[in-house]
Amino acid sequence: MRPGWTWLSDALDVPFLVVDNKRDIRHINKHAQALFSLDKKRVKGFAGKSLLAITRNKQLDEIAKKAIRSGQAGPISIIIRSTKDRTYEVRAVSSGSDSSSLVALFFSDLTDIEHLRTVRTDFVANVSHELRTPLASIRALAETLNYGAINDPVMSERFLGTIIKEVDRLVRLSEDLLLLTRAESTVRSLGHFDLRDVVQDVYDRLASVADRRGVHYKLSLPESYVFICADYSELDQVVFNLIDNGIKYTSQGGSVHVTCAQVGQDATLSIADTGIGMLVEDTERIFERFWRADRARKMVNDQGSTTSGTGLGLSIVKHIVEANMGTITVKSELGVGSTFTVRLPISEPEPYAVDPDPKDE
Ligand code: ADP
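Right, let's walk through the structure included here. Bear in mind that the values here come from a model prediction, so they are computed numbers and not experimental data.

**Digging into the overall build of the protein**
Within the protein one finds twelve helices and twelve strands. Overall size of the protein, expressed as C-alpha extent along the three principal axes, is 85 × 85 × 45 Å. The buried share of the protein, taken over its 361 residues, is 40%. For the protein, the accessible surface area stands at approximately 21400 Å², while carbon and sulfur atoms represent 54% of it. When the 45 basic and 49 acidic side-chain charges of the protein are each reduced to a single mean position, those positions are 12 Å apart.

Structure (structure tokens):
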């Protein structure tokens, strides 16, 4: 390829190669050089070398061979293990069938699409697992009742109670899945509001839960406004999930302290509890969907049953916070407690335009 065209092939922003009908390199753009970790200083030396020697990739050589024979070939999927594993789709197109014809190799980077595919498959597998467990339990209990346990008042009351709990778990799961889907969408209705209003409102709604659990509950709000620009109902969800977790993972006699403040150009919200806490390696996983620490799974609530949870609450929180230009951090110590801190940019509303006094006109 003439040197004048190099800028155009580099501007393609994806790896691109041209070989002749002996599969010797005629042109290799800078992205292809980077992909195959080729030394820039030796660029001139690439021309005339064989495709196989330069790329050490048999699949590429085969697809070029096929295009020389039949005009075009591919697409094929190849994984290049250079710095990070990346997946490419490659197509080969030949300029003709005579001995002077050339073959162009076009690369499309599929790494992100492949990653999304894996995330989706894992997600579906997790959802089906989470659905199967309560459904299997409901079926087994209903079957036992059907085989005669229904006539035993003690047994039937116990079994029906468990069925109701399992159904509640399924309802919570479907609600959380819906919230997660909404949090992942890009549609949000932004508005200016005082973060103190949301915090006060959620705090009041959960006061009776803290009271029932025997958890000391405290709120500290600043005297002046803490304006942010965000989606009000999403922020409500963030504050709710974090305070709810604080209460849920704190035993009787412990405390949950909610603080809202303005620190520099940030609105901060922190929820500090003296609950079960977490190991450092746990804090690295809590924002993953469906992840729950063993201690959280085994924790017993005030009714003597294990603490319920879907493992989706914090992924919903993280998605919403980041979509609203914020950050969330956690500090925790096993058996001592946890503090979750959310930071969001302060955003003063525009002052209302004041109508000129008609007398002045
Ligand atoms: P869950 O429905 O299980 O509460 P979350 O996504 O809200 O799901 O939290 C994920 C996990 O993070 C919990 O199962 C628990 O192990 C841990 N976790 C969250 N908040 C706290 C907290 N305040 N104290 C201790 N562990 C917590």
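Moving on from the model shown.
**Points about the side chain of N29**
Residue position: N29 is located in the loop between β2 (25–28) and α2 (30–35). Side-chain polar atoms of N29 contact the backbone oxygen of V14, separated by 2.9 Å. In contact with N29, other than residues within four places in its own chain, are S9, D10, V14, P15 and F16.

**Quick notes on the sheet that holds strand β9 (residues 255–263)**
One open sheet accounts for five strands, arranged β7-β9-β10-β12-β11; its pairing is mixed. The open sheet terminates on both sides in strands that have one partner only, identified here as β7 (216–220) and β11 (327–333). Going across the sheet, the axis of each strand differs from the next one's by a mean of 10 degrees, ignoring polarity. Looking at chain direction, strand β10 (residues 266–273) and strand β12 (residues 337–345) are connected through eight bridges and run antiparallel. The partner of D266 across the bridge, within β12, is P345. Sheet strands in contact with helix α8 (residues 195–213) are β7, β9 and β10, and its direction is about 170 degrees off that of β7. Contacting β11 and β12, helix α12 (residues 313–323) crosses the sheet at an angle of about 140 degrees to β11.

**Comments concerning the packing of aromatic side chains**
Applying the stated criterion across every chain yields a total of seven aromatic pairs. Between F16 and F106, the aromatic rings sit 5.3 Å apart at their centres with planes inclined by 40 degrees, giving tilted as the arrangement. Residue F16 is found in strand β1 (residues 16–20), and its partner F106 is found in strand β5 (residues 102–109); the two are separated by 90 residues along the sequence. Residues F123 and F290 carry aromatic rings whose centres are separated by 5.9 Å and whose planes lie at 40 degrees to one another, so their mutual orientation is tilted. Taken together, the positions of F123 in helix α6 (residues 111–146) and F290 in the loop between α10 (280–283) and α11 (294–298) put the pair 167 residues apart, joining distant regions of the chain. Joined through ring pairs, the aromatic side chains of F36, Y88 and F107 make up one cluster. Over the aromatic face of F287 sits the side chain of K318, whose NZ or CZ is 5.3 Å from the ring centroid.

**Some details on the site of the ligand**
Lining the immediate surroundings of the ligand are 19 residues, of which N245, Y249, R292, T310 and L314 lie closest. A distance of 2.7 Å is found between an oxygen atom of the ligand and a side-chain nitrogen or oxygen belonging to Y249. The separation between a nitrogen atom of the ligand and a polar side-chain atom of D273 is 2.9 Å. For the ligand, whose unbound accessible area comes to 530 Å², protein coverage reaches 98%. Contributing elements (two or more residues each) for the shell around the ligand: α9 (232–248), α12 and β12. Here the shell around the ligand is built from residues that sort into ten nonpolar, six polar and three charged.

Quick notes on the rules
Residues numbered from 1 in each chain as written. Predicted model: local features only at pLDDT ≥ 70, side-chain atom pairs only at ≥ 80, totals over all residues. Heavy atoms only, no water. Helix = DSSP H or I, 4+ residues; strand = E, 2+ residues; numbered from the N terminus. Buried < 20%, exposed > 50% of the residue type's maximum accessible area, 1.4 Å probe, protein only. Areas by Shrake-Rupley, 256 points an atom, 1.4 Å probe, with all protein chains shown as cover. Lys, Arg positive; Asp, Glu negative; His and termini not counted. Charge placed at Lys NZ, Arg CZ, Asp CG, Glu CD. Polar contact = N/O pair within 3.5 Å; in protein donor to acceptor, adjacent residues only side chain to side chain. Contact = heavy atoms within 4.5 Å. Pairing = 2+ DSSP bridges. Axes fitted to C-alpha atoms, helices over the stretch in contact; angles between N-to-C directions. Phe/Tyr/Trp six-rings, centres within 6.5 Å; stacked < 30°, edge-to-face > 60°. Lys NZ or Arg CZ within 6 Å of the ring centre and 35° of its normal. Near = heavy atom within 4 Å. Nonpolar A, V, L, I, M, F, W, Y, C, P; charged D, E, K, R; others polar.

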